[in-house]
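Observations on the three-dimensional arrangement
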Number of protein chains: 4
Amino acid sequence: MSMNTFGHIFRVTTWGESHGPALGATVDGCPPGVPITAETIQHWLDKRKPGQNKYTTQRREADAVEILSGTFEGVTTGMPVQLMIRNTDQRSKDYSEIMDKFRPGHADITYWQKYGIRDYRGGGRSSARETAARVAAGGLARAALKHLTPDLNILGYMVQMGDQTIDRSRVDLDQIPENPFWCPDAQTAAAWATTLDDLRKSGNSVGAVIEVIARNPPAGLGAPIYGKIDTDIASAMMSINAVKGVEIGAGMSAATLTGTQNADEIGFEDGTPVYSSNHAGGILGGISTGQDIVARFAVKPTSSILAPRKTITKAGDQTEIITKGRHDPCVGIRAVPVGEAMMACTILDHILLHRAHVGENQGKIGP
Amino acid sequence: MSMNTFGHIFRVTTWGESHGPALGATVDGCPPGVPITAETIQHWLDKRKPGQNKYTTQRREADAVEILSGTFEGVTTGMPVQLMIRNTDQRSKDYSEIMDKFRPGHADITYWQKYGIRDYRGGGRSSARETAARVAAGGLARAALKHLTPDLNILGYMVQMGDQTIDRSRVDLDQIPENPFWCPDAQTAAAWATTLDDLRKSGNSVGAVIEVIARNPPAGLGAPIYGKIDTDIASAMMSINAVKGVEIGAGMSAATLTGTQNADEIGFEDGTPVYSSNHAGGILGGISTGQDIVARFAVKPTSSILAPRKTITKAGDQTEIITKGRHDPCVGIRAVPVGEAMMACTILDHILLHRAHVGENQGKIGP
Amino acid sequence: MSMNTFGHIFRVTTWGESHGPALGATVDGCPPGVPITAETIQHWLDKRKPGQNKYTTQRREADAVEILSGTFEGVTTGMPVQLMIRNTDQRSKDYSEIMDKFRPGHADITYWQKYGIRDYRGGGRSSARETAARVAAGGLARAALKHLTPDLNILGYMVQMGDQTIDRSRVDLDQIPENPFWCPDAQTAAAWATTLDDLRKSGNSVGAVIEVIARNPPAGLGAPIYGKIDTDIASAMMSINAVKGVEIGAGMSAATLTGTQNADEIGFEDGTPVYSSNHAGGILGGISTGQDIVARFAVKPTSSILAPRKTITKAGDQTEIITKGRHDPCVGIRAVPVGEAMMACTILDHILLHRAHVGENQGKIGP
Amino acid sequence: MSMNTFGHIFRVTTWGESHGPALGATVDGCPPGVPITAETIQHWLDKRKPGQNKYTTQRREADAVEILSGTFEGVTTGMPVQLMIRNTDQRSKDYSEIMDKFRPGHADITYWQKYGIRDYRGGGRSSARETAARVAAGGLARAALKHLTPDLNILGYMVQMGDQTIDRSRVDLDQIPENPFWCPDAQTAAAWATTLDDLRKSGNSVGAVIEVIARNPPAGLGAPIYGKIDTDIASAMMSINAVKGVEIGAGMSAATLTGTQNADEIGFEDGTPVYSSNHAGGILGGISTGQDIVARFAVKPTSSILAPRKTITKAGDQTEIITKGRHDPCVGIRAVPVGEAMMACTILDHILLHRAHVGENQGKIGP
């Protein structure tokens, strides 16, 4: 079973390490005839690119994507699309401090135990650098979505940093690109800036919650039991580095609701069902209702901090470690475009599955 | 792509509807030589069986499992195991009230839109009755786990109902089977009983949070990126009916932590790594550390309630609906054994994947 | 990875043993709205049923199929379809002669070596009885094909028994159901009858070649590299018990052709491409041309014969064995409906994959 | 469903076109700790490389492989291995002759019909150039096999060209690398040279049969029904460009045998089963016996020939075509290392599946 592949029909296999020559995504199953260029994909990679402001890692990567296969004269051919990104900033440094110690909260110890090999250069495969490949694949998925369902729109933003949560009454989606946090609430964004300045100075870090929505999705995406679209969104989001929780619609707080509060009532307008609320997150029985699909995920604080932490060496000796380097005080920020990419891949995949299984929606509502 | 199958090597395909002649699980990939009888599996089904107390649906099902294939002289042969459960209580009733209306919060409307066919008898495939098949498969997975990793132990319990959360300082795992809520905190269980009595009388329902832990797992289970064991746990739990959120370790609250708070420090005792805390939920970089694996999921309140809710008919006409019937005021209760079953299947699957990919752990820690 | 499942979107998992209580096929991914009844499927099972004439095993099985799930009011719902066949003629007999000996040419020795468990009752899972489940699944696939592509027609027949091959100039497809060999050449059928009478009397057996064609397939089925429709036909046919070779179009004899002989020239009539010949078997680059898809497979002689053969016991002692029992002198005969079923499943699966990946054919030929 | 991926655990996804910037194989699931360098893989690519003698295409490609990921300090890490080969000889030429015509026997017409896009530069994805990526992946598979089962040895050779077949009594495996045809019978190789000289001069081509054997395989590889190792070998070989038939052991000629002739008798020597013959090709019931695994496949004559053939244009107009260019008069020659690569990948995959499902063989034969 492939462990580096995501998706059923639109299948993305990412490859590459933090400090190897290159990384990328091998994307199979993209429909033919989708207009695509490296520039289209680069647009989304640039959103994720490190070093764009003082709140993200100062590693400098061009993150320039090359399309090595699967296109001809500016459109996809239906063949596998190879998206490659060269690593350029593999700063030569002294790893002697960490090569025999396991960084707490990192994959160092489990990779070593399982594989007996540890690529200590920046985390190797476990580095969040892998998410660049997902964003590239997501760029292709977005192009295919635009081709197949032009009304659909995918949008991610941060809704919580530490214990500071946005005020839903102040949300303005146009604010999202206006601050370094992809925050739709300008007032909260300002508060986060202060918090993050403090954390950065103290060499500490903090977690975050990101929300990703798909607006105007077709009804009917998803399938019962293990093919539920929420099941695939859950695995898509949980597979992102540092994610510890995933929610759909009301999410964990659904536990606190009563049945009368939770059930979104149904009406009918302009020939289509409408709903009084969206506790379901746009999904009933694993199948999209046509409402916005709403997912959220929590990103833990980066484990690379300046405070010394207790750990052990390969030899089993007790020691301490300080993780220096060019790290993000809130990795959640850069997870926003990654979450969008995973949503794009998941929805495209389900559009293809949908037409495989039913062709087009079989049931009609209305007179 | 199969939409009713879960797992990579140990693959469970469930089939059957709420009111058809039978339902079951076709389980492929179980190792040979695992001692198993119908009784072993029945033990777990009985935990989930409805009608055992006043807090669960009064539908009476024997839920008697038959093993139709894959065993010989009391052990598995390595061939597919067919686990069938006959439906016995398909109470003849009048569906005319609901056959043309969509119940809010249910899959009625999306199944109709997508498939153009609606099995209105108790929800058909979308009924939580499908989870009986999962519990049967989970029973087989537990038998295989006992055969392969006898120290491993899987345990589920409820930690929240509505806004009433257990007190972690009072947790006593021995209390779990002593109350109808699988609650490890006797005092909270008593409070829940009062709450649920009230809800049941008013025809209302409430959500819940279930925690499932795997104790004493081997280190090394899981793989990078899309093969992370937390990724598979997330999809396993999210695929359960009515689940809206999944957490690993610190879960959504990881967002509120700082890096110093979150990073579990590492020590070394008796030849094995030990950790100062378990915010990671036993998983680093997608691979088990050997600590307890800790997952939680939120179950929404059942949407079948006695209060009238606005909805529409197939013809698009506005109307109201009251969902009578034999329903659970808190479906979360019966989700406990289902969550255990999904954890058992996921962990067994990863044990098999692990030996496929690495044989046994390749790295050594210690002198 | 599931080892008892076939197909990508239309996925068939067979289960069950020769002498267990039942066997069947769990079919996932069938489109909704396909008219289907047990009688429709029974029609195809009856073609394969043993004991219908003196040339096939005298085991008496009703082979009555039950549909346990996935249909509602006479059509498929899009949910998994469970097709179960009860075993009825599990004649009680004395297995002491064979339970410790390995029958040459059978799977006895390899199953024992691998699994350490041997279901000696009629071969257990390795029995050709498993093919009943495939025929049932193929019956459902045929119903779906009729629904989606009514012009398509699948037909299998025997073209060789031992060294007696049909005369292609005498082929009359109407002859196929008129003789016990599904032979389209009446004169050869008569010759085979004589041969088989002799073999049966001497307790010997013989091999055969079966040809299966799909007439009037749409152009465009299949995909490059590992998704070629001929690749999937090859694995479909090779997975049938006792099959040792698979051919597409010219098959193995393509080796003897020159390029000028082999290349089917292309013309254009009535708005569609036509070909001067069909060495390609209806497939170019893995994708159907619209010509008949032509596959053949060789079935070895049944290894259950009355002549004593040398073998060993579990203890490694040299011995001899005579396989008594109710066996087919030419198992190839009953492989005809099985080959048809595999072709039906494969083509349906590719029709679904095709609409997933491209929707409908994207290229136009003509003015 | 991924259409460019092969394998269950050891998964190979090839990508790239004949005249794009590069092609390659993304290999997931390789066990960690396998010693590998670009040179090791280059050794196998050099066997397949065109232009090595007058009987293969004169296209000059360095076919130099780069390892972009998945290794660290000379061994595999267990992460995806990206093997990239730059295309260097994309000779600029005039395609106006063929860009609107479909070459008979090629995938031109079906790719156009299905995808609506035709990369006319050398066949694009349908070019046999794709097999370089398979050979690279096969080189990695061989390294893993050497690491896991050092006694296993994979060997391919040509046994038939046109109607000239080797004489099995003259076979000397040491002869294989001594002639340009990988032929184990020196006398037949000489005859083939004469035949091929004539064909090349006349601009014609011819088909061939290749045999690939795995010597000293462990017993127990493979699994019932759709996981049979012969099923996977069949699809592996049929997926190679221009292959029209696949055989295991006695192959198509099994049809001509009687049961007494076909059943390989079993003896016991040095603590292990031995067989009187190998009609089964080393596989019983889909599982390896420990004898040599023997497969053969037929390659059709290349369709690129100098004789004019009738065809049509995109507009549907009747025309003729002569396929000039640098082509192989017998593509079967260069299919030998490709067949070896597919066998290596398939066997490695089944070794990993075997340890997933049973760990190690569970049954014992002997006192």
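Just above sits the structure.
Residues numbered from 1 in each chain as written. Chains lettered and ligands numbered in written order. Predicted model: local features only at pLDDT ≥ 70, side-chain atom pairs only at ≥ 80, totals over all residues. Heavy atoms only, no water.

So, on to the overall build of chain A. From N to C terminus, chain A includes seven helices and 18 strands. Radius of gyration (C-alpha) of chain A: 21 Å, near the 21 Å computed for a compact globule of 367 residues. With the principal axes as the frame, chain A shows a C-alpha extent of 75 × 50 × 35 Å. Within chain A, buried positions represent 69% of all 367 residues. The contacts of chain A with a sequence gap of at least 6 include a subset with a gap of at least 24, amounting to 69%. Carbon and sulfur atoms make up 49% of the accessible area of chain A, which totals about 11,100 Å². (Helix = DSSP H or I, 4+ residues; strand = E, 2+ residues; numbered from the N terminus. Rg over C-alpha atoms; globule rule 2.2 N^0.38 Å. Buried < 20%, exposed > 50% of the residue type's maximum accessible area, 1.4 Å probe, protein only. Contact = heavy atoms within 4.5 Å. Areas by Shrake-Rupley, 256 points an atom, 1.4 Å probe, with all protein chains shown as cover.)

Attention now goes to the relation of the copies chain A and chain B. In the superposition of chain A on chain B (RMSD 0.0 Å, axial shift 0.0 Å), the rotation amounts to 180°. Between the two chains, the operation in question is that of a two-fold axis. Interface overlap between copies is the fraction of interface residues in one copy that are interface residues in the other; for chain A against chain B it reaches 99%, indicating a shared surface. (Least-squares fit on C-alpha atoms with pLDDT ≥ 70 in both.)

Attention now moves to the pattern of salt bridges. Scanning all chains against the criterion turns up 56 salt bridges over all chains. When the shortest N-O distance is used, the salt bridge between arginine 168 of chain A and glutamate 211 of chain A registers 2.7 Å. Of this pair, arginine 168 of chain A sits in the loop between strand E9 (164-165) and helix H4 (186-201) while glutamate 211 of chain A sits in strand E10 (residues 208-215), and the two are 43 residues apart along the sequence. What makes glutamate 211 of chain A buried here is its relative accessible area of 3%. The salt bridge involving glutamate 211 of chain D is made with arginine 296 of chain D; its shortest N-O contact spans 3.1 Å. Of this pair, glutamate 211 of chain D sits in strand E10 (residues 208-215) while arginine 296 of chain D is found in strand E16 (residues 293-299), placing the two residues 85 residues apart along the sequence. Each member of the pair glutamate 211 of chain D and arginine 296 of chain D is classed as buried. Ionic contacts of the salt-bridge type, sharing partners, join the residues Arg168, Glu211, Glu247 and Arg296 of chain A into one network. (Salt bridge = Lys/Arg side-chain N within 4 Å of Asp/Glu carboxyl O.)

The next point concerns the sheet that holds strand E7 (residues 81-86) of chain C. Residues and elements named next belong to chain C. What the five strands build is an open sheet, ordered E1-E2-E3-E7-E4; its pairing is antiparallel. The open sheet has two edge strands, strand E1 (5-6) and strand E4 (65-67), and neither has a second partner. The sheet strands contacting helix H1 (residues 38-48) are E4 and E7, and the helix crosses E4 at an angle near 150°. (Pairing = 2+ DSSP bridges. Axes fitted to C-alpha atoms, helices over the stretch in contact; angles between N-to-C directions.)

For the pair chain A and chain D, the best superposition has an RMSD of 0.0 Å and corresponds to a rotation of 180° with a translation of 0.0 Å parallel to the axis. Interface residue correspondence from chain A to chain D reaches 100%, placing this contact among same-surface, isologous pairings.

All right, on to the interface of chain A and chain B then. Of the residues lining the interface, 115 residues belong to chain A; the matching set on chain B comes to 114 residues. Both sides of the chain A and chain B interface together cover about 9,100 Å² of buried area, and 63% of this is carbon and sulfur. Here chain A and chain B share two salt bridges between them. Here the side of chain A that touches chain B takes seven residues from helix H2 (residues 108-115) of chain A, the largest share from any one element. When the residues that make up the side of chain A that touches chain B are grouped by side-chain class, the tally is 54 nonpolar, 44 polar and 17 charged. The pairing of strand E11 (residues 243-248) of chain A with strand E11 (residues 243-248) of chain B spans three bridges and is antiparallel. Looking across to E11 of chain B, one finds that glutamate 247 of chain A is bridged to glycine 245 of chain B. (Buried area = accessible area lost by both parts, 1.4 Å probe. Nonpolar A, V, L, I, M, F, W, Y, C, P; charged D, E, K, R; others polar.)

To continue, consider the sheet that holds strand E2 (residues 11-16) of chain A. All names here are of chain A. If you trace the five strands from one edge of the open sheet to the other, you get E1-E2-E3-E7-E4, paired in antiparallel fashion. With partners counted over all chains shown, the strands left at the sheet margins are strand E1 (5-6) and strand E4 (65-67), one partner each. The pairing of strand E3 (residues 22-28) with strand E7 (residues 81-86) spans six bridges and is antiparallel. Looking across to E7, one finds that glycine 24 is bridged to methionine 84. Across the sheet, helix H3 (residues 131-148) is in contact with E2, E3, E4 and E7; its angle to E3 comes to roughly 35°.

What follows covers the pairing of strand E2 (residues 11-16) of chain B. Residues and elements named next belong to chain B. In terms of residue burial, E2 counts as a mostly covered element, since six of its six residues are buried. Both faces of E2 are covered, namely the face carrying Arg11, Thr13 and Trp15 and the face carrying Val12, Thr14 and Gly16. Across two bridges, the pairing between strand E1 (residues 5-6) and E2 is antiparallel. Bridging across to E2, phenylalanine 6 finds its partner in valine 12. If you look at the hairpin formed by E1 and E2, you'll find four residues sitting between the two strands, and glycine 7 has a positive phi there, around 110°. One ladder, built from six bridges, connects E2 with strand E3 (residues 22-28); its direction is antiparallel. Opposite threonine 13, over in E3, you have threonine 26 as the bridge partner. Counting the residues that bridge the hairpin from E2 to E3 gives five residues.

Moving on, we get to the interface of chain A and chain D. If you look at the interface, chain A gives 43 residues, while chain D gives 43 residues. Here chain A packs against chain D, burying approximately 3,200 Å² in sum over the two surfaces, 62% of which is carbon and sulfur. Applying the counting rule to chain A against chain D returns seven residue pairs in polar contact (both at pLDDT 80 or more). Secondary-structure elements contributing two or more residues to the side of chain A that touches chain D are E2, E3, E4, strand E6 (75-76), E7 and H2 of chain A. (Polar contact = N/O pair within 3.5 Å; in protein donor to acceptor, adjacent residues only side chain to side chain.)

Attention now moves to the side chain of lysine 244 of chain C. Looking at the secondary structure, you find lysine 244 of chain C in strand E11 (residues 243-248). Buried within the structure, lysine 244 of chain C lacks any salt-bridge partner; its nearest side chain of opposite charge belongs to aspartate 230 of chain D, at an N-O separation of 4.8 Å. (Lys, Arg positive; Asp, Glu negative; His and termini not counted.)

Applying the stated criterion to the full structure yields 16 aromatic pairs over all chains. Between phenylalanine 6 of chain A and tyrosine 226 of chain B, the ring centres sit 5.5 Å apart and the planes meet at 35°, which makes this aromatic pair tilted. Of this pair, phenylalanine 6 of chain A sits in strand E1 while tyrosine 226 of chain B is found in the loop between strand E10 (208-215) and helix H5 (229-238), placing the two residues in two different chains. Of the two residues, phenylalanine 6 of chain A and tyrosine 226 of chain B, neither departs from the other in class, the shared state being buried. Ring centres of phenylalanine 181 of chain C and tryptophan 192 of chain C lie 6.0 Å apart, and the angle between their planes is 80°; on these two criteria the pair is classed as edge-to-face. Pair noted here: phenylalanine 181 of chain C is in the loop between strand E9 (164-165) and helix H4 (186-201) and tryptophan 192 of chain C is in helix H4, with a separation of 11 residues, a long-range link. Note on tryptophan 192 of chain C: relative accessible area 0%, which makes it buried. Geometry around tryptophan 44 of chain B places arginine 142 of chain B over its ring, the cationic atom sitting 3.6 Å from the centre. (Phe/Tyr/Trp six-rings, centres within 6.5 Å; stacked < 30°, edge-to-face > 60°. Lys NZ or Arg CZ within 6 Å of the ring centre and 35° of its normal.)

Attention now goes to the pairing of strand E13 (residues 272-275) of chain A. Residue and element names in this part refer to chain A. Here E13 shows a buried face lined by Pro273 and Tyr275 and an unburied face lined by Thr272 and Val274. Alignment of strand E12 (residues 266-269) against E13, held across four bridges, turns out to be antiparallel. Each bridged residue has a counterpart across the sheet, and for glycine 267 the counterpart in E13 is valine 274. Taking the residues that link successive antiparallel strands as the turn, the E12-E13 hairpin has two residues, and the phi of aspartate 270 there is positive, at about 50°.

Here the focus is helix H1 (residues 38-48) of chain B. The complete set of buried residues in H1 of chain B reads Ile41, Gln42, Trp44, Leu45, Lys47 and Arg48 of chain B. Looking at the buried positions of H1 of chain B, the neighbouring elements they touch are strand E4 (65-67), strand E7 (81-86), helix H3 (131-148) and helix H7 (332-357) of chain B.

The subject of this paragraph is helix H4 (residues 186-201) of chain D. Residue and element names in this part refer to chain D. With 16 residues, H4 extends 23 Å between its outermost C-alpha atoms, agreeing within 8% with the 22 Å of an ideal straight helix rising 1.5 Å per residue. All of the buried residues in H4 are Thr188, Ala189, Trp192, Ala193, Leu196, Asp197 and Leu199. In this structure aspartate 185 caps H4, since a side-chain oxygen of it lies 3.1 Å from the backbone nitrogen of glutamine 187. Once H4 ends, the next one or two residues include glycine 203, with phi positive near 70°. (Expected span 1.5 Å × (residues − 1).)

The next subject is the packing of helix H5 (residues 229-238) of chain D against helix H7 (residues 332-357) of chain D. All names here are of chain D. Running from N to C, H5 and H7 cross one another at 145°; their axes reach a closest spacing of 10 Å. Both H5 and H7 take part in a crossing whose hand is right-handed. On H7, the residues that touch Ile229, Asp232, Ile233, Ala236 and Met237 of H5 are Gly339, Met342, Met343, Thr346 and His350. Its residues assigned to classes, the contact of H5 with H7 comprises six nonpolar, three polar and one charged. (Left-handed = near helix turned anticlockwise from the far one by under 90°.)

Bringing the environment of glycine 123 of chain C into the picture now. All names here are of chain C. With respect to the element layout, glycine 123 can be found in the loop between helix H2 (108-115) and helix H3 (131-148). Of the residues examined, glycine 123 reaches a relative accessible area of 10% and is grouped as buried. Counting along the chain gives 135 residues from glycine 123 to threonine 258, while the straight-line C-alpha distance between them is 45 Å.

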